[in-house]
Amino acid sequence: MAKPKTKQSGDTPVPPQHEDSPFLSIVVPLLNEEESLPELYQQILGVMKKIGKTFEVIFVDDGSTDGSFPVLRNLRESDPRVKVVRFRRNFGKSAALSVGFQEARGTLIVTMDADLQDDPAEIPGLIEPLQNGYDMISGWKRKRHDPLSKTIPSRFFNFVTAKMTGIPIHDFNCGLKAYRSEVVKEIGVYGELHRYIPALAHWAGYRVGEKVVQHHPRKHGRTKFGLSRFFKGFLDLLTVLFTTRYIRRPLHLFGLWGIVSFIVGVALDGYLSIEWILGRTSLSNRPLFLVGFLFIIIGIQFVSIGLLGEMITRQERNEQAYSIREILK
Ligand code: UDP
Ligand code: MG
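Attention here is on the structure that accompanies the text.

### Brief notes about the pairing of strand E5 (residues 136-140)
Here is step 1: Counting buried positions over the five residues of E5 gives five, a clear majority of the element.
Here is step 2: Side chains Met136, Ser138 and Trp140 of E5 all project onto a buried face; the interleaved residues Ile137 and Gly139 project onto the opposite face, where all are buried too.
Here is step 3: Two strands pair when backbone bridges link them, and E5 and strand E6 (residues 177-180) are joined in this way by three bridges, in the antiparallel orientation. When the bridges of E6 are listed, Met136 appears paired with Tyr179.

### Description of the coordination of the magnesium ion (ligand 2)
Around a metal, the idealised angle for a tetrahedral arrangement of four donor atoms is 109.5 degrees; for an octahedral arrangement of six donor atoms it is 90 or 180 degrees.
Here is step 1: At 1.9 to 2.0 Å from the magnesium ion (ligand 2) lie its protein donor atoms, namely Asp115 (OD) and Gln117 (OE1). With respect to burial, Asp115 and Gln117 carry one shared label: buried.

### So, the packing of helix H9 (residues 250-277) against helix H10 (residues 287-314)
Here is step 1: At a minimum axis distance of 7 Å, the contact between H9 and H10 shows a crossing angle of 160°. Accordingly, the angle class assigned to the pair H9 and H10 is roughly antiparallel. The way H9 lies across H10 gives a crossing that is left-handed.
Here is step 2: Classifying every residue of the contact of H9 with H10 by side-chain character gives 22 nonpolar, 10 polar and two charged.

### Some words on the nonpolar core
As a rule of thumb, nonpolar side chains are buried together in soluble globular proteins.
Here is step 1: Ranked by size, the top nonpolar core spans 35 residues in total, and within it Phe101, Ile109, Tyr179, Tyr196, Ile197 and Ala201 carry the most contacts.
Here is step 2: Among the secondary structure elements, those contributing two or more residues to this core are strand E2 (55-61), helix H3 (93-103), helix H5 (148-165), helix H6 (181-186), helix H7 (197-203) and helix H8 (228-245).
Here is step 3: Look past the residues within four positions of Phe101 in its chain and what remains in contact with it is Ile109, Thr111, Tyr179, Val184, Lys185, Val189 and Ile197.
Here is step 4: Listed in part, the 32 residues of the second largest apolar core include Leu75, Leu108, Tyr134 and Leu176.

### Points about the side chain of Arg195
Here is step 1: Mapped onto the fold, Arg195 is located in the loop between H6 and H7.
Here is step 2: Apart from residues lying up to four places away in sequence, Arg195 is in contact with Phe157, Phe172, Asn173, Phe225, Arg229, Gly233 and Asp236.

### Details of the packing of aromatic side chains
Any pair of aromatic rings gets described here by the distance separating the centres and the angle formed by the planes.
Here is step 1: According to the stated counting rule, one finds seven aromatic pairs in the structure shown.
Here is step 2: With 5.8 Å between their ring centres and 75° between their planes, Phe254 and Phe302 make a pair best called edge-to-face. Taken together, the residues span a long stretch of sequence, with Phe254 in helix H9 and Phe302 in helix H10 at a distance of 48 residues.

### Quick notes on the environment of Leu251
Here is step 1: Along the chain, the position of Leu251 falls in helix H9.
Here is step 2: Note on Leu251: relative accessible area 27%, which makes it partly exposed.
Here is step 3: Separated by 53 residues in the primary sequence, Leu251 and Ser304 have C-alpha atoms spaced 8.7 Å apart.
Here is step 4: Apart from residues no more than four positions distant in its own chain, Leu251 is found in contact with Leu256, Val303, Gly306, Leu307 and Glu310.

### As for the site of ligand 1
Here is step 1: In the region of ligand 1, 18 residues are neighbours, and Asp62, Asp115, Lys150, Thr223 and Lys224 sit closest.
Here is step 2: Between ligand 1 and Leu31 there is a distance of 2.8 Å, counted from an oxygen atom to a backbone nitrogen or oxygen.
Here is step 3: One of the side-chain N or O atoms of Arg218 is found 2.9 Å from an oxygen atom in ligand 1.
Here is step 4: Surface burial for ligand 1 is 94%, taken as the share of its 530 Å² of free accessible area covered by protein chains.
Here is step 5: Residue composition of the shell around ligand 1, by class: five nonpolar, four polar and nine charged.

### Regarding unusual backbone geometry
Here is step 1: Positive phi is not limited to glycine here, since Asn32 has a value of about 50°.
Here is step 2: Looking at where Asn32 falls in the secondary structure, it is placed in the loop between strand E1 (24-30) and helix H1 (37-51).
Here is step 3: The phi dihedral of Leu116 is positive, around 70°, even though this residue is not glycine.
Here is step 4: Note that Leu116 resides in the loop between strand E4 (108-111) and helix H4 (123-127).

### Brief notes about the packing of H1 against helix H2 (residues 68-78)
Here is step 1: Here H1 crosses H2 at 35°, and the two axes come no closer than 10 Å. Across the interface between the two elements, Leu37, Pro38 and Tyr41 from H1 touch Ser68, Val71, Leu72 and Leu75 from H2.
Here is step 2: Residues belonging to the contact of H1 with H2 are distributed by class as follows: six nonpolar, one polar and no charged.

Calculation rules
- Residues numbered from 1 in each chain as written.
- Chains lettered and ligands numbered in written order.
- Predicted model: local features only at pLDDT ≥ 70, side-chain atom pairs only at ≥ 80, totals over all residues.
- Heavy atoms only, no water.
- Buried < 20%, exposed > 50% of the residue type's maximum accessible area, 1.4 Å probe, protein only.
- Helix = DSSP H or I, 4+ residues; strand = E, 2+ residues; numbered from the N terminus.
- Pairing = 2+ DSSP bridges.
- Donors = N, O, S within 2.8 Å, 3.2 Å for Na, K, Ca; no water.
- Axes fitted to C-alpha atoms, helices over the stretch in contact; angles between N-to-C directions.
- Parallel < 35°, antiparallel > 145°, perpendicular 65-115°, else oblique.
- Left-handed = near helix turned anticlockwise from the far one by under 90°.
- Nonpolar A, V, L, I, M, F, W, Y, C, P; charged D, E, K, R; others polar.
- Core = buried A, V, L, I, M, F, W, Y, C linked by side-chain atoms within 4.5 Å.
- Contact = heavy atoms within 4.5 Å.
- Phe/Tyr/Trp six-rings, centres within 6.5 Å; stacked < 30°, edge-to-face > 60°.
- Near = heavy atom within 4 Å.
- Polar contact = N/O pair within 3.5 Å; in protein donor to acceptor, adjacent residues only side chain to side chain.
- Areas by Shrake-Rupley, 256 points an atom, 1.4 Å probe, with all protein chains shown as cover.

Set out below in structure tokens:
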């Protein structure tokens, strides 16, 4: 398992569970997976029997149009540990996870895809580090069973995301992840931000780790995300960077580049002006003068945008800008 960047102290045992809350909540977002659901449920039962702890399974039906819901209703009727949330229409995986997190009452929470590509047998291995100081463990499908058209862009996506977010994780978009419940209760997942939960958790100060998990080819049905996932994924990366890293200090982002641009512009035009004063050139036939001008204007614009951003975010400064681990009173 990759070591997280943050220090691992291992000093925080999993808190005792509430009397009526289960040890583990398994959250499964799904869209049109009727053929896979019964098998998935059986596999989960098998694994949980081995673990021997209380659990609940929360299926979130993200607007399925096949027979998924009737299948889930049957499971629910025969097993009270099964909970089912059904959306009115398809709202996306992030929305489904978000509701699943809200409903989850377990001390620990595991998410997994419904299509049998994620293996419930990985659950014990994923939750084990949570009892040893980690707050979140993200699965890593090291050996993937997906078409190349998916794995190659995905590698690129993961590489860029890891670089830009500064988190050394190989597989941001793995469906299999495990959390201590406080992580998901705090982090809001909307849009298509589910791909960035490790980043959001890391920035909030949680200790995020990674563990290699088995991955299987899709047995039934087909993937619900086309190529557009990568474009949307990158736009979401911008959103994540802006709304988390820079939201409280927009001037740091815009101001830096604004000042750099301004200095470059002043240097170019300053040089040309000196040449002009010394009579060595005339400015009318020096396009470089305009380029310098452009840099100066862009620089001023950027600094102004940053300042505007500061003024806008000042309104929100009172909101929670930190994440408390514990308070001893
Ligand atoms: N899914 C969902 N809502 C959507 C799209 C997908 O709940 O709008 C579920 C889907 O049923 C599956 C999981 O998210 O359980 C991952 O989707 P998929 O297997 O299609 O993605 P891939 O494995 O191709 O990345
Ligand atoms: Mg899948």
